[in-house]
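Residues per chain, in single letters:
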Amino acid sequence: MNTYKSILDAVKAFDTIIIHRHKSPDGDALGSQIGLKHLLLENFPGKTVYMVGDHAGRYAFMKDSEMDDIPDEIFKNALSILLDSSAKHLISDDRYTLSKFTCRIDHHLFVEKIADMEYVDSASESCAGLIVQMAIDNGLTLNETAASALYTGMATDSGRFRYDSTNGDTMRRAAFLLDQKIDISEIYRNLYASDFDQLLLRARYTLKIQFTEKRVAYIITTYDELKETKADIFAISRGMVGIMSDIKGVDIWANFTETENGVLCELRSDKYDINPIAVKYGGGGHKKASGATLKDMDEVRRMLSDLDALSGGQE
């Protein structure tokens, strides 16, 4: 059964397609967006395809990562495709509601219906992987820009193919992209090479790691500390959570970053389903990688208590 046929039928029915993804994009959100744009341009000549949303941030090295600035009237007779987003409030550029028709492709745990037509597969390692599968299933061709972007999305959301969401389908999709002769050395160089200042920052944050009674590892960055670093918010929030991932005896780790608009929380585990705790505090994501925005440090302490109970109650 071709699960993507209805989405492609919608694409064929519209001359203008607008591609959205979640705010503050990671490699999967942006890779999916760029990859889908160039997949559609390559296979459906004559279509006008836009990408909208906030700035690409640290993923601006990706080819064609610049977003389009389009007026409201463009949406009225357009198809909006929403990528890598589990909830309405996460979508960057909410003008998708002005579009004539909407589709969603996503791999997060289901939170709510947000589009007229939806394809959600939470077993997939990435949203980019679902777009690759759509290409494979329908005999669509990929140019180098699309293939490189989609590989970037797959590599980042699978933790370089280390996370347990990686399976046989993941590797078959990756092989399909590698057959397009992409330069993975350049991709990894841009993704993971660190300048000396970044190394110093990681060392500084390693020294900030604390542990709860049940050995949940966590880092707290106050708003004053955040301003002092002069780093991008998500370079701290998302960028520093990974330094706790390989500590022996730690199965759950969390990074809390205080901002003007609340405390950004990134939750990770290599053993437990931490998603219900993220959902409890208004967030979401995956079983072992989720996030939320907390109101204040009191909520941080309550969340740590919940994580401690999870870690200590499922031995």
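In short, a report on the structure. For clarity, every value in this text was computed on a predicted model and none was experimentally measured.

### Focus on the packing of helix 2 (residues 27-43) against helix 3 (residues 127-138)
Alright, step 1. Viewed as axis vectors pointing N to C, helix 2 and helix 3 meet at an angle of 20 degrees, and their least axial separation amounts to 8 Å. Here helix 2 is positioned roughly parallel relative to helix 3, judged by the angle of their axes. Note that helix 2 runs across helix 3; the crossing there is left-handed. Between helix 2 and helix 3, the contacting residues are Asp 28, Ser 32, Leu 36 and Leu 39 on the first element and Cys 127, Ala 128, Ile 131, Met 134 and Ala 135 on the second.
Alright, step 2. Along the lines of polarity and charge, the residues of the contact of helix 2 with helix 3 split into 7 nonpolar, 1 polar and 1 charged.

### Considering the environment of Leu 130
Alright, step 1. Mapping Leu 130 onto the fold places it in helix 3.
Alright, step 2. Judged by its relative accessible area of 0%, Leu 130 falls in the buried class.
Alright, step 3. In this structure Leu 130 touches Tyr 4, Ile 105, Asp 106, His 107, Tyr 119, Asp 121, Ser 124 and Arg 173, once residues within four positions along its chain are discounted.

### Regarding the pairing of strand 2 (residues 48-51)
For a regular strand, the rule is simple: side chains alternate between the two faces of the sheet.
Alright, step 1. Burial along strand 2 is one-sided: Val 49 and Met 51 are buried, while Thr 48 and Tyr 50, pointing the other way, are not.
Alright, step 2. Note that strand 1 (residues 16-20) and strand 2 share 4 bridges and pair parallel. For Thr 16, the partnering residue across the bridge sits in strand 2 and is Thr 48.
Alright, step 3. Since strand 1 and strand 2 lie parallel, the crossover through helix 2 that links them has a hand, and here it is right-handed.

### Topic: helix 5 (residues 168-178)
Alright, step 1. Taken residue by residue, helix 5 has Thr 170, Arg 173, Ala 174 and Leu 177 as its buried positions. Looking straight down helix 5, one finds that the buried residues subtend no more than 100 degrees of arc, so they occupy a single side.
Alright, step 2. Residues of helix 5 that are buried make contact with helix 3 and helix 4 (144-157).
Alright, step 3. Capping the start of helix 5 is the job of one residue whose side-chain oxygen sits 3.0 Å from the backbone nitrogen of Asp 169: Asn 167.

### Observations regarding a nonpolar patch on the surface
Alright, step 1. Taken together, Phe 196, Leu 199 and Leu 200 make up a surface patch of nonpolar side chains, about 320 Å² in accessible area.
Alright, step 2. Residue position: Leu 199 is located in helix 7 (residues 196-206).

### Digging into the pattern of salt bridges
Alright, step 1. A complete count under the given rule lists 20 salt bridges for this structure.
Alright, step 2. The shortest N-O distance in the salt bridge between Asp 64 and Lys 37 comes to 2.9 Å. Remark: Lys 37 occurs in helix 2 and Asp 64 occurs in the loop between strand 2 and strand 3 (79-83); sequence separation between them is 27 residues.
Alright, step 3. A relative accessible area of 26% places Asp 64 in the partly exposed class.
Alright, step 4. Linking Glu 266 and Arg 268 is a salt bridge whose minimum nitrogen-to-oxygen distance equals 3.0 Å. Of the two residues examined, Glu 266 and Arg 268, each falls in the buried class.

### Remarks on unusual backbone geometry
Alright, step 1. Here Ser 24, not a glycine, exhibits a phi torsion of approximately 45 degrees, which is positive.
Alright, step 2. Looking at the element boundaries, Ser 24 is found in the loop between strand 1 and helix 2.
Alright, step 3. Even without being a glycine, Lys 230 presents a positive backbone phi close to 60 degrees.
Alright, step 4. Turning to its location among the elements, Lys 230 is positioned in the loop between helix 8 (223-229) and helix 9 (233-237).
Alright, step 5. Owing to a relative accessible area of 78%, Lys 230 belongs among the exposed residues under this scheme.

Conventions adopted
Residues numbered from 1 in each chain as written. Predicted model: local features only at pLDDT ≥ 70, side-chain atom pairs only at ≥ 80, totals over all residues. Heavy atoms only, no water. Axes fitted to C-alpha atoms, helices over the stretch in contact; angles between N-to-C directions. Helix = DSSP H or I, 4+ residues; strand = E, 2+ residues; numbered from the N terminus. Parallel < 35°, antiparallel > 145°, perpendicular 65-115°, else oblique. Left-handed = near helix turned anticlockwise from the far one by under 90°. Contact = heavy atoms within 4.5 Å. Nonpolar A, V, L, I, M, F, W, Y, C, P; charged D, E, K, R; others polar. Buried < 20%, exposed > 50% of the residue type's maximum accessible area, 1.4 Å probe, protein only. Pairing = 2+ DSSP bridges. Right-handed = clockwise from strand over helix to strand, strands pointing away. Arc of directions from axis to C-beta. Polar contact = N/O pair within 3.5 Å; in protein donor to acceptor, adjacent residues only side chain to side chain. Patch = residues over 30% accessible without salt bridge, like charges linked within 9 Å, V, L, I, M, F, W, Y side chains within 5 Å. Areas by Shrake-Rupley, 256 points an atom, 1.4 Å probe, with all protein chains shown as cover. Salt bridge = Lys/Arg side-chain N within 4 Å of Asp/Glu carboxyl O.

On their own, these measurements won't tell you what the molecule is for.
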